[in-house]
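Fold and geometry: a report
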Amino acid sequence: MSDSGGEGGGVSGSAAGQDSEGDGEPPQHVPPLLPESDYAEVEETPGEAAPPSAKRSRMGEEEMGLEEVVESEEKELGEVEESVRVDEEMRAQENLIRPAQRELLQGEEEVQKGEGAAAIAEGVEECHQNGDEGHEEGETERPEEECSSSRSADSPSVGQHLALDFTHDPQMLTGSWNEYSNFPENYLRGCKWAPDGSCILTNSADNVLRVYNLPPEIYSYAWDLLPEMSPVLRMAEGDTIYDYCWYPNMNSLEPETCFLASSSRDNPVHIWDAFYGEVRASFRPYNHLDELTAAHSLCFSPDGTQLYCGFDKTVRVFYTERPGRDCEERPTVVKKQGQSGIISCLGFSPCQAVYACGSYSRCAGLYSCQDGTLLALLPTRHHGGLTHLLFSPDGNYLYTGGRKDPEILCWDLREPGKVVFSLKRNVTTNQRIYFDLDPSGRYLLSGDTEGVVSVWDTQTAPPDGHEELLQPQLRVQAHWDCTNGISVHPFMPLLATSSGQRQFPWPADSEGDSASDTEGGGAGVSQQEVKQDNTLSLWWAGPLGPPADEDQSTAVLEV
């Protein structure tokens, strides 16, 4: 795929209307926007629905009576609603959005179109009742807080939310394993749900990003009919993929918002179209020698207008609507003071204009989104370089984890430098081991190098503020190999996990082992059996059956 072809199109969704032959799905055509001068020339074809963005000429309204104006407005509104309905049916037929998914996503579209502030307030209240205790009652939210809270309220979880249930072990529903058996040692390197929950994105050792649709059988509890998952898109990078992330406002009902970013060795940052798997645009960072350099970490700003990229002692900020090489440079070390090392992970506070940077120098820093000013540098407590960090939904806490480091630390950002509690996990590799929080911020989940998934209830932390080790509520042997990726669905009790790691032969430790290896034809290498498990798995972590009000007999997977 050509980088120049992606740059010319920009990120505004110009590739959304191109023909696609590789993914087997018909393309969707986004209706073009017409200038106001052309509105009078548009004539509707009888029997053909007008596109949602089409508008009718208002010339001559001053000559119409009040009743005629009202009738015209009502007729126009009816035509627009009819066109939206027809457009949704076409999308469902094209299998771009599963019918059940579309039913859940309609709640988000209705609130975004302005059903009223009451719906937003109701959604925020429901979000708080589900465990988000970050704001006090009656507190007026700032614009940044309103943005994150409205996103949770606008999501399909409003009125459809099923709480996570960790009183029993999660049940494995399906997964993908044959996809990663064609390439030797094709272990996975993480998985991430799309912001709208419609699909999963994975990264693997063959430098291919894969997108999986959420199986529709999950909605009907027909779990015994679930087949093995197959990717609907494959996006190949040229070299080792350093990081990847979804566009935060991604909505499958709006194809122009369906894209993701990835960074790989000796390549620019690519923006991939999540409908057709093509490069939509690219951002080219250059160093002081005018050489192309690769970003080690990526993260979109919460509103999606900027893309933050981590480099050695520098963060570069690109504007999403302006691909190319123009960017803002924000050094993390000024006059030999600040945060040194490669910026390996980035994250944004959901409630304040603050972002956090983790580096391989084993520390984390807090910066202002406005100009990149260093606000606080957290003490060096980790034993290895930071590989992942995450803000709590209320913005009061920051979780950090490192490579070859057995601890996840929870920092209280209201008192920078204070560790509230620590979480123990088994990490004996340089590989990035992800962890994730549920939407309420109550449960933190992480895998380890032994394949075990641990679940901690953060609300059981001592209220006196004394740091202590928090014990996991649940431990599950999810894989036989390293569980490096875990992601919680935005509004359903679903977990996605990925596993695998690079395998090394073990040398013989004793003369007896060496003799036995030589007799057996070995060359001084232990014949210890290594279990490889390169798998993407989907887990159900909610109620064990359909809701009581549903009158349908469905098979439930046994524990």
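Residues numbered from 1 in each chain as written. Predicted model: local features only at pLDDT ≥ 70, side-chain atom pairs only at ≥ 80, totals over all residues. Heavy atoms only, no water.

1. Structural notes on the overall build of the protein
Along the protein, the regular secondary structure elements total six helices and 31 strands. Contacts in the protein between residues at least 24 apart in sequence constitute 57% of all its contacts with a sequence separation of at least 6. With an accessible surface of roughly 26800 Å², the protein has 48% of that area assigned to carbon and sulfur atoms. (Helix = DSSP H or I, 4+ residues; strand = E, 2+ residues; numbered from the N terminus. Contact = heavy atoms within 4.5 Å. Areas by Shrake-Rupley, 256 points an atom, 1.4 Å probe, with all protein chains shown as cover.)

2. Focus on the environment of Phe 391
Tracing the backbone through its elements, the reader meets Phe 391 in strand 20 (residues 386-391). The spatial distance from the C-alpha of Phe 391 to the C-alpha of Gly 441 is 9.1 Å, given a sequence separation of 50 residues. Look past the residues within four positions of Phe 391 in its chain and what remains in contact with it is Gly 347, Phe 348, Ser 349, Pro 350, Ala 356, Leu 366, Tyr 397, Leu 398, Leu 413 and Leu 437.

3. Side note on the sheet that holds strand 5 (residues 233-236)
One open sheet holds the four strands; their spatial order is 2-3-4-5, and the pairing between them is antiparallel. Lying at the two open borders of the sheet, with one neighbouring strand each, are strand 2 (188-193) and strand 5. Across the sheet, the mean angle from the axis of one strand to that of its neighbour is 20°, orientation sign disregarded. Two strands pair when backbone bridges link them, and strand 3 (residues 199-204) and strand 4 (residues 208-213) are joined in this way by five bridges, in the antiparallel orientation. (Pairing = 2+ DSSP bridges. Axes fitted to C-alpha atoms, helices over the stretch in contact; angles between N-to-C directions.)

4. Quick look at the nonpolar core
Within the largest apolar cluster, 20 residues are counted, with the highest numbers of intra-cluster contacts made by Ile 218, Leu 494, Leu 538 and Trp 540. Listing elements by their share of this core, those giving two or more residues are strand 2, strand 30 (494-499) and strand 31 (536-540). Leave out the neighbours within four places in its chain, and Ile 218 touches Leu 173, Trp 223, Leu 226, Met 492, Leu 494, Leu 538 and Trp 540. Judged by nonpolar contacts, the second largest core, of 19 residues, contains Ile 241, Cys 258, Val 279 and Tyr 434. (Core = buried A, V, L, I, M, F, W, Y, C linked by side-chain atoms within 4.5 Å. Buried < 20%, exposed > 50% of the residue type's maximum accessible area, 1.4 Å probe, protein only.)

5. Thoughts on the sheet that holds strand 27 (residues 468-470)
Read from one edge to the other, the open sheet built from five strands follows the order 20-21-22-23-27, with strand pairing classed as mixed. Single-partner strands in this sheet number two, and they are strand 20 and strand 27. Taken pair by pair, the neighbouring strands of this sheet meet at an average axis angle of 25°, ignoring direction. Pairing analysis gives three bridges linking strand 23 (residues 418-424) to strand 27, with the strands arranged parallel. Residue pairing for strand 27: Phe 421 is matched across the bridge by Glu 468.

6. A short note on the pairing of strand 2
Burial analysis of strand 2 places six of its six residues in the buried class, which makes it a mostly covered element. In terms of strand pairing, strand 2 meets strand 3 through four bridges, oriented antiparallel. By the bridge assignment for strand 3, Lys 192 is matched with Leu 201. Between strand 2 and strand 3, which pair antiparallel in sequence order, lie five residues; one of them, Gly 197, sits at a positive phi of approximately 75°.

7. As for unusual backbone geometry
The residue Lys 313 is not glycine, and still its phi comes out positive at about 60°. At Lys 404, a residue that is not glycine, the phi angle is positive and equals roughly 50°. Examined against the element boundaries, Lys 404 turns out to sit in the loop between strand 21 (397-402) and strand 22 (407-412).

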